[in-house]
Amino acid sequence: MTSENRSHSAMALYRALLRCYPRAFRDRFGEEMTSAFGDAIAACPTRGARVNFLASAVVDAVRSGAAERAVAWRSRPRTSNTHPAGDTAMQSIMQDLRFAIRSLGRRPGLVTAVVLTLALGVGANTAIFSLLDAVLLHPLPAVARTDEVVAIYRAGSGRTPYQGVSYPLFQAMADHTRSLRALAADAGTTAAVRIAGRAEELDIRCVSGNFFSLLGLRAQAGRLLTPSDDDVPGAHAVVVLSDAMWTSAFNRRPSAVGSTIRIGERPFTIIGVAPRGFRGTSLSGAPQLWVPVTMLTSLGTGGLLATIGTHAYTLPSFTFFSLVGRLRPTVTPSAAAAELTTIAKNVQRQAAGRSGARGNGVVTFDSRGHVVHATPRISVVPIVQAAALADRGSLVRFVTILVVVVALTLLIACVNVANLMLVRGSERAHELGVRAALGASRSRIARALFIESLLLALLGAAAGIGVGLLTMHLLSAFTLPGGIRLDRVDLSLDGRVLAFAVALAIATALLFGLVPALRSSRADLAAVIAARGTGKRRAPRGILAGVQVALSLLLLVGAALFARSLRAGLTTDLGFDPRPIAAVDVELDLHGYSTHARSAAYFDEAMARARRIHGVTAVAIASQVPLGRLLEFPLKGLPPADGTPADSTISAGFVAISPEYFSVLGVPLVRGRAFTRADTHDAPAVVMVNEAAARAFSPAGAILGKTLGMLGGDGARVVGIVRDTKYGSVRDEHIPVVFVPITQGNPMPVTSIITRSEHPAATLAALRRTVAAIDPNVSIDNPRLVRDQIDTVLMPQRFGATLLGIFALISLCVSAVGIYGVIAYGVSQRAPEIAVRIALGARHMDILRLVLLRTAVAVVVGGVVGLAASVAASRTLARFLYGITPLDATAFLGAVLLLAIAAAVASCTPAVRATRIDPMTTLRAE
């Protein structure tokens, strides 16, 4: 910087410092002081001298300026026009407060509009940003120092990028890692639990003894698990309750600690209660009980875990465990992943050396279902991300959309408040001019307007807290992508977000509430008092109306796209009619039914009793009901008798069913035959496939009679083909599904009892009672109407359509109010002009054109901008749309039409009123 530029900068700074002095002092001595400062700064020989002189000038200006202002304040005239005699500062403020209340009381419409607008903006933003904080930013509030805690998985591929690890690998990592302070194992399962006199099937987490201490958790009552609780498999039958289970089953009684519950057929002693707010390390589940990890195979009397037994802790192929660890200082997740991968490779090499087999450590399936023997690779993910790891990409996108929507809503609210406050200020220009002419100071006028604006902002903020709580309650009914049920998430109004939204609302109200005071202090008082009906200063309000229109159209298009997608999902062809179907689930191997004969007898009795329920026309059992989670396995066609080559391995859904299954669903048989009661253990193994599987396994269409390899068995012959149905989601294309008869003893870890009836809701209640009466110890899980599962799989679309629809309608109403306010104010200001035009013969169309033209231009421009923004933004919604494209013409046209109707109604009402102005009455009033 040259010396000349430095001198200019110093002079500019000193002119700014002169504002420390009163205006009268500046007018009298300002030029001389500036000239003297310039000469002195120019005489400084070095840069350091200039800096020292400038610093002393700043200190002197601030000190002497404050002294001069104090002298000016003590010598100011005290007239009755400014402050009444004896009036104190507090009395003056209270007087302004009473005046503000009376002034606002005369304008209830304005108060209602501003308060509701601010409440909607503040409440919605607080709720959604609190949701963002609870799901993505701080999902585990009970865990200490979450930045150090990580989740550890075995890296997979395809649909399973994160896979569990074996217990031997966990032990090797825990013994040899230097990147982690501690490492804990965690495995989830369900089990039949008798607690507080009732049987339930509960979610249970089996964790290592250092799990709670690693997370920095302390018990509410009793104690938590310790390493001594998991030293011997099956030896320590102790359990920790969740806070929710302690509340529901024991009413938070301390005496619960030390009491006994039964898990399966084994008693467990309650040793403590987990801290309030801790719901595990995943948002997609909420475990009610925690037991030692070495009790995993002791929780039931049958099933896979009981069959494996203590081998679960020695088999390298039993990858049922997920891990959590706490990083050492300065260690990054990537560095820890590299070290743990090295340990995993060493474990694999040692296992291969002992067995003499290549690749004995890790077995995975690729996206096509092919078996892959791969070198193990470990993924280390921050626990904050891992808490919502399932479909995290969709979750982040969906929550981001919600955040953008509510941010736009807050912006629209602030714009509308600004518009209303500007209109209010313009209406009061005459009043403020009169007050200033009578001697009111600029500060007194500003203070009065400040108090009035602050009252409005505080009322809006208080109402916003109520709106936020209501929004939280509404959100709890939805499920986010990744299976995150919001009724299980710790949703509470975030104080930081609430403070920010309230501050923004107050700032908006104050800023645009004080603008009239600034205008009145600078304007010619005579002109302000005399000005009537000039219609000036409309441009800012027209621009704000255009901004509201653009933002509202953006939200309307998003809501319309979600609504159209929801409709497409609800009307899609599922391949069956879900309306008459009801189902309940049972898991018999958790209740002592460890043999096929016992399970078969139970289900025969259940089906017989269900058939006797009034209105039931068909009953079946199956391991899977459509529109739920579909188990998939790699299946391979075996060479037929003529010796031709085998078909490729294909990943297909696997469903075990009773012969009545397709009759209950109403799925037609395409070719071949259905299962019968003759397909028993003694008969040849048979399967049925859907059309998608027939095409996948045999593109030529000759799959009947072929043999498929079934889960390592000798294979089963295809005897029938049924129509395709949607299983996992309405979004899925038809995927290959293979059906096996349950009568041949095929495994069914979870079994659904399914009925078809005329009145499914009544049937469901009767079905629960009927099945529960067979064996009171067997818990009935997941009673449901299959038609309701459509709502579950379409939850993102329903959530988006509901939430965006609400916010879009709110923004539309707010924008309509803004447009109405702009035109109505313009009509009131230009009433004398309009009266003169009518008296001179202007037609109604001329008056309408005069009133609407400028605002119409702003609305049209705002609509065009909003439409362009909608086209650009719609592509971000593509992942959540079903059956339509992001540029769906119907959605765009519907949003534009709705906005046009709202704008027309808001515009025409005050415009038509303008055509009815009586010239004589209006001009006489002037």
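Scoring rules and cut-offs
Residues numbered from 1 in each chain as written. Predicted model: local features only at pLDDT ≥ 70, side-chain atom pairs only at ≥ 80, totals over all residues. Heavy atoms only, no water. Helix = DSSP H or I, 4+ residues; strand = E, 2+ residues; numbered from the N terminus. Buried < 20%, exposed > 50% of the residue type's maximum accessible area, 1.4 Å probe, protein only. Contact = heavy atoms within 4.5 Å. Areas by Shrake-Rupley, 256 points an atom, 1.4 Å probe, with all protein chains shown as cover. Core = buried A, V, L, I, M, F, W, Y, C linked by side-chain atoms within 4.5 Å. Phe/Tyr/Trp six-rings, centres within 6.5 Å; stacked < 30°, edge-to-face > 60°. pLDDT = per-residue confidence, 0-100. Expected span 1.5 Å × (residues − 1). Arc of directions from axis to C-beta. Salt bridge = Lys/Arg side-chain N within 4 Å of Asp/Glu carboxyl O. Patch = residues over 30% accessible without salt bridge, like charges linked within 9 Å, V, L, I, M, F, W, Y side chains within 5 Å. Pairing = 2+ DSSP bridges. Axes fitted to C-alpha atoms, helices over the stretch in contact; angles between N-to-C directions. Left-handed = near helix turned anticlockwise from the far one by under 90°. Nonpolar A, V, L, I, M, F, W, Y, C, P; charged D, E, K, R; others polar. Polar contact = N/O pair within 3.5 Å; in protein donor to acceptor, adjacent residues only side chain to side chain.

## Re the overall build of the protein
Then comes step 1: In terms of helices and strands, the protein carries 27 helices and 26 strands.
Then comes step 2: In the protein, buried positions account for 49% of the 926 residues.
Then comes step 3: When contacts within the protein are restricted to residue pairs at least 6 apart in sequence, long-range pairs at least 24 apart make up 79% of them.
Then comes step 4: Carbon together with sulfur atoms contributes 59% to the accessible area of the protein, which is approximately 42300 Å² in total.

## Examining the nonpolar core
Then comes step 1: By size, the foremost hydrophobic cluster in this structure holds 135 residues, and its most contacted members are Val135, Phe212, Leu475, Leu480, Tyr661 and Phe739.
Then comes step 2: If one sorts the elements of this core by residue count, helix α23 (residues 795-829) sits on top with 15 residues.
Then comes step 3: Among residues more than four places away in sequence, those in contact with valine 135 are Leu283, Ala388, Leu395, Leu480, Ile484, Leu486 and Val489.
Then comes step 4: If you look at the next biggest cluster of nonpolar residues, it comprises 51 residues, including Val165, Tyr167, Ile204 and Phe318.

## A closer look at the packing of aromatic side chains
Then comes step 1: Overall, the coordinates contain 12 aromatic pairs when judged by the stated rule.
Then comes step 2: With 5.4 Å between their ring centres and 25° between their planes, phenylalanine 278 and tryptophan 290 make a pair best called stacked. Pair noted here: phenylalanine 278 is in the loop between β8 (266-273) and β9 (289-292) and tryptophan 290 is in strand β9, with a separation of 12 residues, a long-range link. Of the two residues, phenylalanine 278 and tryptophan 290, both sit in the buried class.
Then comes step 3: With 5.3 Å between their ring centres and 75° between their planes, tyrosine 661 and phenylalanine 662 make a pair best called edge-to-face. As far as burial versus exposure is concerned, tyrosine 661 and phenylalanine 662 are alike and both buried.

## What about the confidence of the model for the protein?
As a note on interpretation, predicted positions should not be read in detail where pLDDT is low.
Then comes step 1: Looking at the protein, pLDDT values average 77 and 79% of them are 70 or higher.
Then comes step 2: Scored below 50 in pLDDT, residues 523-538 makes 26 contacts in the model with residues more than four places away or belonging to other chains.
Then comes step 3: Scored below 50 in pLDDT, residues 638-645 makes eight contacts in the model with residues more than four places away or belonging to other chains.

## Observations regarding helix α21 (residues 760-774)
Then comes step 1: Taking 1.5 Å per residue, 15 residues should reach 21 Å; α21 reaches 21 Å between its end C-alpha atoms and fits that length.
Then comes step 2: Among the residues of α21, those classed as buried are Pro760, Thr763, Leu764, Ala766, Leu767, Thr770 and Val771.
Then comes step 3: If you follow the buried residues of α21, they end up packed against β16 (581-586), α18 (596-611), β17 (616-622), β25 (751-757), β26 (781-785) and α22 (786-793).

## Considerations on the environment of lysine 726
Then comes step 1: With respect to the helices, strands and loops of the structure, lysine 726 is situated in the loop between β23 (716-722) and β24 (737-741).
Then comes step 2: Judged by relative accessible area, which is 8%, lysine 726 ranks as buried.

## Observations concerning unusual backbone geometry
With the exception of glycine, most residues fall at negative phi, and the peptide bonds are largely trans.
Then comes step 1: One non-glycine residue, arginine 252, lies in the positive phi region at around 60°.
Then comes step 2: By secondary structure assignment, the location of arginine 252 is in the loop between α8 (243-250) and β7 (260-263).
Then comes step 3: By relative accessible area, arginine 252 is classed as partly exposed at 26%.
Then comes step 4: A positive phi angle is found at threonine 330, which is not glycine, with a value near 70°.
Then comes step 5: Relative to the helices and strands, threonine 330 is located in the loop between β10 (322-327) and α10 (333-355).

## Some remarks on helix α24 (residues 831-839)
Then comes step 1: All buried positions along α24 are accounted for by Ala831, Pro832, Ile834 and Ala835. Burial along α24 is one-sided: seen end-on, the buried residues are contained in an arc of 160°.
Then comes step 2: Following α24 by one or two positions, glycine 841 has its phi on the positive side, about 105°.

## Here we look at the pattern of salt bridges
Where charged atoms from two side chains of opposite charge come close, those side chains can pair.
Then comes step 1: Taken as a whole and assessed by the stated rule, the structure comprises 15 salt bridges.
Then comes step 2: With a shortest N-O distance of 3.1 Å, glutamate 148 and arginine 326 are connected by a salt bridge. Here glutamate 148, found in the loop between α5 (108-137) and β1 (149-157), pairs with arginine 326, found in strand β10; they are 178 residues apart in sequence, far enough to count as distant. The same class applies to glutamate 148 as to arginine 326, namely buried.
Then comes step 3: For arginine 579, the salt bridge is made with aspartate 577, and the minimal N-O distance between the two is 3.0 Å.
Then comes step 4: By relative accessible area, arginine 579 is classed as exposed at 56%.
Then comes step 5: The network of salt bridges with shared partners includes Arg145, Glu148, Arg181 and Arg326.

## Side note on a nonpolar patch on the surface
Then comes step 1: Among the surface-exposed residues, Leu853, Val857, Val861 and Val865 lie close enough to one another that they form a single nonpolar patch of about 350 Å² accessible area.
Then comes step 2: Assignment of secondary structure puts valine 861 in helix α25 (residues 844-874).

## With respect to the pairing of β16
Then comes step 1: Burial within β16 is extensive, with six of its six residues counted as buried.
Then comes step 2: Note: β16 against β25, six bridges, orientation antiparallel. Each residue of the ladder has a partner; that of aspartate 585, found in β25, is serine 752.
Then comes step 3: Bridge count between β16 and β26: three bridges; the pairing is antiparallel. Counterpart to alanine 582 in the pairing with β26 is leucine 785.

## Remarks on the packing of α18 against α21
Then comes step 1: Between α18 and α21, whose axes approach to 10 Å, the crossing angle comes to 145°. Considering the relative orientation of α18 and α21, their crossing is right-handed. Contacts between α18 and α21 involve Tyr602, Glu605, Ala606, Arg609 and Ala610 from the former and Leu767, Thr770, Val771, Ala773 and Ile774 from the latter.
Then comes step 2: When its residues are assigned to classes, the contact of α18 with α21 shows seven nonpolar, one polar and two charged.

## Considerations on the side chain of aspartate 229
Then comes step 1: One can find aspartate 229 in the loop between β5 (221-222) and β6 (238-241).
Then comes step 2: Residue aspartate 229 is classed as buried on the basis of its relative accessible area, which comes to 4%.
Then comes step 3: A polar atom in the side chain of aspartate 229 sits 2.9 Å from the side chain of arginine 223.
Then comes step 4: With residues up to four places along the chain from it excluded, the contact list for aspartate 229 reads Arg223, Leu224, His236, Val238, Ile271, Pro292 and Thr294.

## What to know about the side chain of aspartate 186
Then comes step 1: Structurally, aspartate 186 is set in strand β3 (residues 180-195).
Then comes step 2: Within the structure, the side chain of aspartate 186 is placed 2.9 Å from the side chain of arginine 205, a separation counted as a polar contact.
Then comes step 3: Setting aside residues up to four positions removed in sequence, aspartate 186 forms contacts with Arg205, Cys206, Val207, Phe211, Thr281, Phe320, Phe321 and Ser322.

## Observations concerning the environment of isoleucine 847
Then comes step 1: Along the chain, isoleucine 847 falls in helix α25.
Then comes step 2: Sequence separation between isoleucine 847 and arginine 916 is 69 residues; the distance between their C-alpha atoms is 9.8 Å.
Then comes step 3: Non-local contacts of isoleucine 847, meaning those with residues more than four positions away in its chain, are made with Ile834, Arg837, Ile838, Ala842, Ala914 and Thr915.

## Remarks on the environment of alanine 72
Then comes step 1: Summarising the element assignment, alanine 72 is placed in helix α3 (residues 47-74).
Then comes step 2: Judged by relative accessible area, alanine 72 falls into the partly exposed class, the value being 33%.
Then comes step 3: Separated by 47 residues in sequence, alanine 72 and phenylalanine 25 place their C-alpha atoms 9.1 Å apart.

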